[in-house]
Amino acid sequence: MNRTPEPFVLRNARLCSLDGEAGYQVIEKAALASHEGRIAFVGAEAELAAEWRAAPTFDCEGRLLTPGLIDCHTHLVFAGQRAGEFEQRLLGASYEQIARSGGGILSSVRATRAASEEELLAESLRRAQDLLAEGVTTLEIKSGYGLETAAEARMLRVARRIGEELGISVRTSFLGAHALPPEFASRADDYIDHLCTEMLPALHAEGLVDAVDAYCERIGFTPTQTRRLFQAARALGLPVKLHADQLSDCEGAAIVAEFDGLSADHVEFSSPDGVAAMARAGSVAVLLPAAFYCLRETRLPPIEAFRAAGVPMAVASDLNPGTAPQRSLRLAMNQACTLFRLSPEEALRGVTLNAARALGLTDRGLLAEGLRADLALWDVRHPAELSYWIGGRLLHASWSGGRQVAG
């Protein structure tokens, strides 16, 4: 897998580069050349240099070519399922009631702690393959169902192995501050100390952590506790992101901005001050419509405020066993359009360029020379179709770093 990818040319494509301030930037009768895993040429086929004529060539037959999709917020490494809680919510129980009665995140913690690394990999790989089949070439995976060092390390190792198995990029986020484990019942401050002084440094030393996340909420951790964890992350040189303002305004958006965070995720209750702070910091608002849908929420994220302030908006699946058992990023695109009123162009930028920003990645998300050859070729003609069609397989082929991974 470390061998340099062979060069190739895709021709006769309807190419959606997204390489501009607005619009899909569609090039008709386009070509793209990949060399050593990077885009070496993108433009009209008639302008392709003669030197590429000897390279292996693939006729796209007018299909749509876009950047590979990026799912920038998932919890897909876990054991078990929580279908029973789905039934409870339909019968009237709230997410908070289920969590406070010992269900919710702690239910997944018990199952995940009991699973071996190989069992976790077998379960989680299937979920990642579903995303791969939808054109995802970069994936973020969080820990947070272990809540002890050994189990968190096991989750993060499985995340790394998924990337190796599928040949795609996987970024890991340490989410030890996801819930309070039973060993620290009623001792949240002590648990945060444990994360800051023992668990996070140990996992970082193993090279398992790309970013640090937390759940700042009434049933999670306080703003003060979140800041303490983020200070520890900063001391280790790790970027931060946050489950922010999902169920209430807990200053999450402002905390992200205070630490120059990559993203604030959920953000249904983010305040005008929080939105303004994110705009100043350049943080991304990650919209998670699957959780909004599954929990039957009614409070919409401040979409117009994000637009007016110039805050980039990403879209992600939030794949998790409790509040978003959704194994489809394209469905999240449709939900972002129908529930949150994003345009299909905003949704596509939300799973490409802006999703890359939410992970701190500057080498992907557009089709432009010099960037990674992360590509998705679709059996459609118009970019809006990626948000328009509900279900069904639209992907024809995909490439990650110049290597074909699907199709």
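Residues numbered from 1 in each chain as written. Predicted model: local features only at pLDDT ≥ 70, side-chain atom pairs only at ≥ 80, totals over all residues. Heavy atoms only, no water.

Following the criterion strictly, the structure yields 8 aromatic pairs and no others. Between the aromatic rings of phenylalanine 292 and phenylalanine 340, the centroid separation amounts to 5.1 Å while the plane-to-plane angle is 80°, which identifies the pairing as edge-to-face. You can see phenylalanine 292 sitting in helix H10 (residues 289-294) and its partner phenylalanine 340 sitting in helix H12 (residues 329-340), a full 48 residues away along the chain. Owing to a relative accessible area of 7%, phenylalanine 292 belongs among the buried residues under this scheme. Judged by its relative accessible area of 4%, phenylalanine 340 falls in the buried class. With a centroid separation of 4.8 Å and 65° between ring planes, the pair formed by tyrosine 388 and tryptophan 389 is classed as edge-to-face. Through a chain of ring-to-ring contacts, three or more aromatic side chains come together here, namely Phe8, Phe58 and Trp399. Of note, arginine 127 hangs over the ring of phenylalanine 78, and the distance from its end group to the ring centre comes to 3.6 Å. (Phe/Tyr/Trp six-rings, centres within 6.5 Å; stacked < 30°, edge-to-face > 60°. Helix = DSSP H or I, 4+ residues; strand = E, 2+ residues; numbered from the N terminus. Buried < 20%, exposed > 50% of the residue type's maximum accessible area, 1.4 Å probe, protein only. Lys NZ or Arg CZ within 6 Å of the ring centre and 35° of its normal.)

General note: in soluble globular proteins, nonpolar side chains tend to be found buried as a group. Counting residues in each nonpolar core, the largest one holds 102 residues, and the members touching the most others are Leu76, Leu139, Ile162, Val212, Leu348 and Trp378. Discounting residues that sit within four places of it in the chain, valine 212 has contacts with Phe174, Leu200, Leu229, Phe230, Ala233, Leu238, Pro239, Val240 and Lys241. Ranked by size, the runner-up nonpolar core spans 16 residues in total, among them Leu65, Ala373, Leu375 and Ala397. (Core = buried A, V, L, I, M, F, W, Y, C linked by side-chain atoms within 4.5 Å. Contact = heavy atoms within 4.5 Å.)

It is worth spelling out the pattern of salt bridges at this point. Going through the model one piece at a time under the given rule, you end up with 29 salt bridges. The shortest N-O distance in the salt bridge between glutamate 61 and arginine 63 comes to 3.2 Å. Aspartate 374 serves as the salt-bridge partner of arginine 372, at 3.1 Å between the closest nitrogen and oxygen. For aspartate 374, a relative accessible area of 3% translates into the label buried. Here the residues in one salt-bridge network are Glu117, Glu118, Arg157 and Arg161, joined through shared partners. (Salt bridge = Lys/Arg side-chain N within 4 Å of Asp/Glu carboxyl O.)

The values reported here are purely geometric and, on their own, carry no functional implication.
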